[in-house]
Amino acid sequence: MAAKLPVIVNKNGGAASKMGDDLVPKLTEAFDAARAPVAIEPLDGADIADAIGKAAKRGRVVVAGGDGTVSCAAAALMDSEAELGLLPLGTLNHLARDLGLPNDLKKAAKIAATGKATAIDVAEVNGKVFVNNASIGLYPLMVREREGLQDDKGWPKWLSTIPAAYAALERLPHHRLRIDMGEGEREIVTPLLFVGNNTYSLDAGELGQRASLTDGKLSVYAVSHRSRLSLIWFAARTLVGRARRDVDFVALGECETLTVRSSGKTIEIALDGEVQRLKSPLEFRVRRGALKVVAG
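Please read these numbers as outputs of a predicted model, since none were measured by experiment. Here, residues in each chain are numbered from 1, in the same order as that chain's written sequence. In keeping with the model being predicted, local features are shown solely for residues with a pLDDT of at least 70 and side-chain atom pairs are shown and tallied solely at 80 or more, while totals for entire chains, interfaces and linings include all residues. Hydrogens and waters are ignored; side-chain quantities use all the structure's heavy atoms.

### A look at the overall build of the protein chain
Where we set the bar: Numbering of helices and strands runs from the N terminus; a helix is a DSSP stretch of H or I covering at least four residues, while a strand is a stretch of E covering at least two. Working definition: with a 1.4 Å probe on protein chains only, accessible area under 20% of the residue-type maximum means buried, over 50% means exposed, and in between means partly exposed. Contact criterion: two residues are considered in contact whenever any of their non-hydrogen atoms come within 4.5 Å of each other.
Looking only at helices and strands, the protein chain has 10 helices and 16 strands in total. Looking at the protein chain residue by residue over its 296 residues, the buried ones come to 51%. Restricting the contact set of the protein chain to residue pairs at least 6 apart, pairs at least 24 apart contribute 72%.

### Some remarks on the side chain of serine 219
Put simply, the rule is: Residues adjacent in sequence count toward polar contacts only when both atoms are side-chain atoms; beyond that, a polar contact is any pair of N or O atoms within 3.5 Å, and within protein one must be able to donate a hydrogen and the other to accept it.
Inspection of the secondary structure puts serine 219 in strand β11 (residues 218-223). In this structure the side chain of serine 219 is engaged in a polar contact, spanning 2.7 Å, whose partner is the backbone oxygen of asparagine 198. Not counting residues up to four positions away in its chain, the partners in contact with serine 219 are Phe194, Val195, Gly196, Asn198, Thr199, Tyr200, Gly253 and Glu254.

### Observations concerning the packing of helix α3 (residues 48-55) against helix α4 (residues 67-77)
We apply this condition: Lines fitted to C-alpha atoms define the axes here, with helix axes fitted over just the stretch in contact, and angles between the N-to-C directions of these axes take values from 0 to 180 degrees. Angle categories: roughly parallel below 35 degrees, roughly antiparallel above 145, roughly perpendicular from 65 to 115, and oblique for all the rest. Helix crossings fall into two classes, left-handed where the near helix is turned counterclockwise from the far one by less than a right angle and right-handed where it is turned clockwise.
It is at 9 Å that the axes of α3 and α4 come closest, and there the two elements cross at 45 degrees. On the basis of their axis angle, the class for α3 and α4 is oblique. α3 and α4 meet at a crossing whose hand is right-handed. Of the residues in α4, those in contact with Ile48, Ala49 and Ile52 of α3 are Thr69, Cys72, Ala73, Ala76 and Leu77.

### Remarks on the sheet that holds strand β12 (residues 249-255)
As a reminder, the rule being used: Whether two strands pair depends on DSSP finding at least two bridges between them.
The strand order across the open sheet formed by six strands is β12-β11-β10-β7-β14-β15, and the pairing between neighbours is antiparallel. Lying at the two open borders of the sheet, with one neighbouring strand each, are β12 and β15 (274-279). Each adjacent strand pair in this sheet contributes to an overall mean axis angle of 25 degrees, direction not counted. Direction of pairing for β11 relative to β12: antiparallel, over a ladder of six bridges. By the bridge assignment, valine 220 is partnered in β12 with glycine 253.

### Some remarks on unusual backbone geometry
Of the consecutive residues serine 280 and proline 281, the connecting peptide bond is found in the cis state with omega at 5 degrees. The backbone of asparagine 126 shows a phi angle near 50 degrees, a positive value even though the residue is not glycine. Inspection of the secondary structure puts asparagine 126 in the loop between β5 (117-125) and β6 (128-130).

### Focus: the nonpolar core
Put simply, the rule reads: Put simply, a nonpolar core is a bunch of buried Ala, Val, Leu, Ile, Met, Phe, Trp, Tyr and Cys residues held in one set by side-chain atoms that sit within 4.5 Å of each other.
Counting residues in hydrophobic clusters, the biggest one holds 29 residues, and the most contacted among them are Leu84, Leu86, Leu95, Leu99 and Leu291. Those elements that provide at least two residues to this core are α3, β3 (60-65), α4, β4 (83-88), α5 (94-98), β5 and β16 (282-294). Formed by 24 residues, the second largest nonpolar core is a distinct cluster that contains Phe130, Leu193, Val260 and Ile269.

### Some words on the packing of aromatic side chains
Stated precisely, the cut-off is as follows: Pairing of aromatic side chains requires ring centres within 6.5 Å, counting the rings of Phe and Tyr and the six-membered ring of Trp. Pairs whose planes differ by under 30 degrees are stacked, by over 60 edge-to-face, and all others tilted.
Inspection of every chain in the model, using the stated rule, returns three aromatic pairs. Here the aromatic rings of phenylalanine 194 and tyrosine 200 are separated by 5.2 Å at their centres, their planes lie at 90 degrees, and the arrangement is edge-to-face. For the pair phenylalanine 194 and tyrosine 200, one class covers both residues: buried. A connected cluster of aromatic rings, assembled from ring pairs, spans Phe194, Tyr200 and Tyr221.

### Notes on the pattern of salt bridges
Side chains that differ in charge, positive against negative, can pair when their charged atoms come close. Selection rule: Salt-bridge detection follows one rule: a side-chain nitrogen of Lys or Arg within 4 Å of a carboxyl oxygen of Asp or Glu.
In total, this model carries 13 salt bridges according to the counting rule given. Notably, a salt bridge pairs glutamate 124 with arginine 285, separated by 3.0 Å at the nearest N-O pair. Of this pair, glutamate 124 sits in strand β5 while arginine 285 sits in strand β16, and the two are 161 residues apart along the sequence. Owing to a relative accessible area of 9%, glutamate 124 belongs among the buried residues under this scheme. Across the salt bridge formed by glutamate 124 and arginine 287, the nearest N and O atoms sit 2.8 Å from each other. Of the two residues, glutamate 124 sits in strand β5 while arginine 287 sits in strand β16, which places them 163 residues apart along the sequence. By relative accessible area, which is 19% here, arginine 287 ends up buried.

Note that all results are geometric; they support no functional claim without further evidence.
Spelled out as structure tokens, the structure:
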């Protein structure tokens, strides 16, 4: 009997949580249509990393969840022979979109089970992995505020967005940072610094998308100075994934390594939407072709 393909599911994230009791039956149906025998494990986010590490020994692991779950999988699988299949069951699913994966569950399951793997770049900061982007300043602070409102008041994410954005701006309208993109250190003052794994487009109709995941570059952007009212509107749009990079961001350039320093001993940073606090300075780099992802 053929070994079953492991499918690790973050049952608390995005579209997966909305499926409720239908989650496992729908996933089973999708893989049955692809004629792929699977072993489905719905898990809490905290248990994902260990499960992926164990499943990696079988050669291919399918992960169902959002970008934070994918980053967790990337950290466990990078620099190995294991292949990562994706089911985009998060809120935004940026990596799946940039890989050209379909949102349709049956189509995505077929690709994850039978498609070919390709090597893509992974970015790191102080040893922490991200597959899409990292943000310093306003965004991680807003996420903290929003999560606090959700926990304290039981509000849904959408309802917590505006008050979270306002509270964050009251605390941190601008952030003073020193950055070095390989050509010497310079100071910038910005409410938000954005670092992308490869180049994010600023063109109309392609905002926030990446044409390539294999260029081995970090793309660096900053939010330009603006009034508090316009920053509140920008902050709210950012929290729901609707920032306009052609209007909201100034491109600072591309680099292979990046150093970011602040006045404090630590810097709060959001890695693929997950907030952490890391020691200053932040040392960014790209790991070329470090992750094998099933893309078609």
